[in-house]
Amino acid sequence: GKSLVVAGIIKALGEPTLVLQPSKEILWQNVEKFRSYGGRCGIYSASAGVKRLDDVTFATIGSVIRKLDKLERFKYVIVDECDLINSAGGMYEELITTLGVKVMGLTATPYRLGKYTDMRTGMTQAILKFLTRTHPRVFAHVVYYVQNRRLFDDGHLCRLVYHEVDTINRAALQRNSTGADYTDESVKAEYARTGFEQKVVRVVNRLFEVGRKNCLVFTRFVREAEMVAKMIPGAAVVSADTKPAERDRIIKGFRSGRIRCVVNVGVLTVGFDYPELEAVVMARPTMSLRLWYQVVGRGVRPHPNKDHTMVIDMGGNLAQFGKVEDLVL
């Protein structure tokens with residue numbers, strides 16, 4: 001939905017506007033939506049293979065940060081997925097400060113997991129902070145928000161049907177040094193104890209048996225993803241190690257229906273837009289509300305050919321965080 005919002009904001013501004021997004025996939029989604037409403041724009045992104053400026057330009061931050069002298073025409077900056085901005089600013093703050101422009105951020109998850117030290121015990125613990133309440137911070141004000149329940153009730157988002165598969169004993173997991181997630185060692189030990197990979201395969205096969213046409217699986221480790229994919233005919237793996245051309249081939253195959261199952265590791269959590277997606281399997285435990293929200297969010301796109309999206313939780317995350325529909329800001 002943010003692609004539509006971005007296009008509407010640009011039209012309302014009527015001034016030179018630079019739109020920043022964290023990946024080429026999200027960039028192309030925003031560009032295609034903007035052009036579908038008759039907009040003309042430039043693209044400046046090395047990863048997208050295009051470097052051309054216009055009064056409205058969609059760009060990735062890494063491609064424009066050393067070209068600030070070419071950006072003097074822009075009066076406004078829109079940042080998509082703004083929760084990914086380092087709270088200390090970094091490249092985004094450098095660009096915004098140098099250009100002296102007004103900036104607006106958009107995100108479905110306007111918070112980040114930080115840490116604090118309990119002065120009484122000396123222990124470091126995780127804490128969820130709204131983007132406008134971090135120190136330091138880039139954004140000072142919330143200008144608009146909408147609750148999830150309203151979007152679902154009004155039919156803008158697809159109905160979700162949740163199923164929990166009791167597999168992981170979260171009480172046996174250990175927190176890492178930051179307190180923000182579980183250690184790799186404790187997660188791997190639970191996987192070994194439960195025969196986790198085989199259970200993931202059974203879940204995916206069962207989804208196909210009940211009529212789901214496709215399935216997107218989220219795992220924590222590449223080795224685990226590869227093991228799962230080998231046991232599912234026609235499945236493919238996407239991770240940070242996947243070469244760009246191969247990743248594009250797999251995603252295109254998934255969208256076309258040639259590939260029924262994609263097992264991914266930390267790649268398709270943000271901005272992957274596939275309205276026909278019928279099943280999401282969260283095959284990992286996490287302490288990150290943002291990650292849970294983003295994973296489930298891959299299935300909320302409505303499509304005429306589906307009545308609902310099935311969300312299978314195999315990591316105790318539903319019990320920890322609840323349904324996305326019930327999250328209230």
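Refer to the structure above for everything that follows.
Keep in mind that what you see is a predicted model, and the values were worked out from it rather than measured.

(A) Representation of helix H8 (residues 222-230). Those residues of H8 not exposed but buried are Glu224, Ala225, Val228 and Ala229. The arc that holds the buried residues of H8, viewed along the axis, is 130°, so those residues lie on one side. Of the exposed residues in H8, the ones pointing more than 90 degrees away from its buried face are Arg223 and Lys230. In this structure, the buried residues of H8 make contact with helix H6 (184-194), helix H7 (196-209), strand S11 (236-238) and strand S12 (261-264).

(B) Main features of the pairing of strand S5 (residues 76-80). With four of five residues buried, S5 is to be regarded as a mostly interior element. As paired strands, strand S1 (residues 17-20) and S5 are joined by four bridges and run parallel to one another. Looking across to S5, one finds that Leu18 is bridged to Val77.

(C) Focus on the sheet that holds S12. Here six strands make up an open sheet; going across it, the order is S9-S14-S13-S10-S12-S11 and the pairing parallel. Of all strands in the sheet, those bounded by a partner on one side alone are strand S9 (159-164) and S11. Neighbouring strand axes in the sheet, compared pairwise and without regard to direction, differ in orientation by 20° on average. Examined bridge by bridge, strand S10 (residues 215-218) and S12 share four bridges and lie parallel to one another. When the sheet's bridge partners are listed, Cys215 is paired in S12 with Cys261. Strands S10, S12, strand S13 (279-282) and strand S14 (308-313) of the sheet are contacted by H7, whose axis makes an angle of about 165° with S10.

(D) Structural view of the packing of aromatic side chains. Per the stated rule, a full pass over the model turns up six aromatic pairs. The interplanar angle of 55° and the centroid separation of 5.3 Å between the aromatic rings of Phe254 and Tyr274 together place this pair among those described as tilted. With Phe254 in helix H9 (residues 244-256) and Tyr274 in the loop between S12 and S13, this residue pair connects regions lying 20 residues apart in the sequence. Each member of the pair, Phe254 as well as Tyr274, is classed as buried. Counting every residue linked through ring pairs, the aromatic cluster contains Tyr191, Phe196 and Phe221. The residue whose ring lies beneath Arg73 is Phe74, and the NZ or CZ to ring-centre distance is 6.0 Å. The ring of Phe208 carries the charged tip of Arg260 above its face, separated from the ring centre by 3.8 Å.

(E) Region of interest: the environment of Phe34. Topologically, Phe34 is positioned in helix H2 (residues 24-36). Overall, Phe34 belongs to the buried group, its relative accessible area being 8%. Along the backbone, Phe34 and Asp166 are 132 residues apart, and their C-alpha atoms lie at a distance of 43 Å. With residues up to four places along the chain from it excluded, the contact list for Phe34 reads Ala7, Ile10, Gly39, Arg40, Cys41, Val56 and Phe58.

(F) Geometry of the nonpolar core. Ranked by size, the top nonpolar core spans 30 residues in total, and within it Tyr162, Leu216, Val262 and Trp292 carry the most contacts. The element contributing the most residues to this core is helix H10 (residues 289-297), with six residues. Setting aside residues no more than four positions away along its own chain, Leu216 makes contact with Phe254, Val262, Asn264, Leu268, Phe272, Leu277, Ala279, Val280, Val281 and Arg298. With 29 residues, the next largest nonpolar core counts Ile168, Tyr182, Tyr191 and Leu207 among its residues.

(G) Spotlight on the pattern of salt bridges. In this structure the tally under the stated criterion is 22 salt bridges. Residue Lys2 is joined to Asp80 by a salt bridge in which the shortest nitrogen-to-oxygen separation is 3.9 Å. Remark: Asp80 occurs in strand S5 and Lys2 occurs in helix H1 (residues 2-13); sequence separation between them is 78 residues. When its relative accessible area of 22% is taken as the criterion, Lys2 is described as partly exposed. Residue classification places Asp80 among the buried positions, given a relative accessible area of 2%. A salt bridge links Arg73 to Asp55; its shortest N-O distance comes to 3.3 Å. You can see Arg73 sitting in the loop between helix H3 (61-64) and S5 and its partner Asp55 sitting in the loop between strand S3 (50-52) and strand S4 (56-59), a full 18 residues away along the chain. Under the relative-accessibility criterion, Asp55 is labelled partly exposed at 39%. Through salt bridges that share partners, Lys2, Asp80 and Glu81 make up one connected network.

Rules used throughout
Sequence order as written defines the numbering, with residues in each chain counted from 1. Reporting of local features is limited, given that this is a predicted model, to residues whose pLDDT is at least 70; pairs of side-chain atoms are given and counted only at 80 or more, and all residues count toward the totals for whole chains, interfaces and linings. Each side-chain value is derived from all of the structure's non-hydrogen atoms; neither hydrogens nor water enter the calculation. Here's how the labels work: a residue is buried when its accessible area is under 20% of the maximum for its type, exposed when over 50%, partly exposed in between, all with a 1.4 Å probe on protein chains only. Only DSSP runs of H or I with at least four residues qualify as helices, and only runs of E with at least two residues qualify as strands; both kinds are numbered from the N terminus onward. The arc in question is the one traced by the directions running from the helix axis out to the C-beta atoms. In what follows, a contact means two residues having at least one pair of non-hydrogen atoms within 4.5 Å. Strands were regarded as paired on the criterion that DSSP finds at least two bridges between them. Axes here mean lines fitted to C-alpha atoms, for a helix over just the part in contact, with angles spanning 0 to 180 degrees between N-to-C directions. Any two of the Phe, Tyr and Trp rings considered here, Trp counted by its six-membered ring, make a pair once their centres fall within 6.5 Å; the pair's planes then place it as stacked at under 30 degrees, edge-to-face at over 60, or tilted in between. In this scheme, the term charge over a ring applies when either NZ of a lysine or CZ of an arginine sits within 6 Å of the ring centre and within 35 degrees of the ring normal. Buried residues of nine kinds, namely Ala, Val, Leu, Ile, Met, Phe, Trp, Tyr and Cys, make up a nonpolar core once their side-chain atoms join them within 4.5 Å. Each salt bridge in this description consists of a side-chain nitrogen of Lys or Arg and a carboxyl oxygen of Asp or Glu lying within 4 Å of one another.

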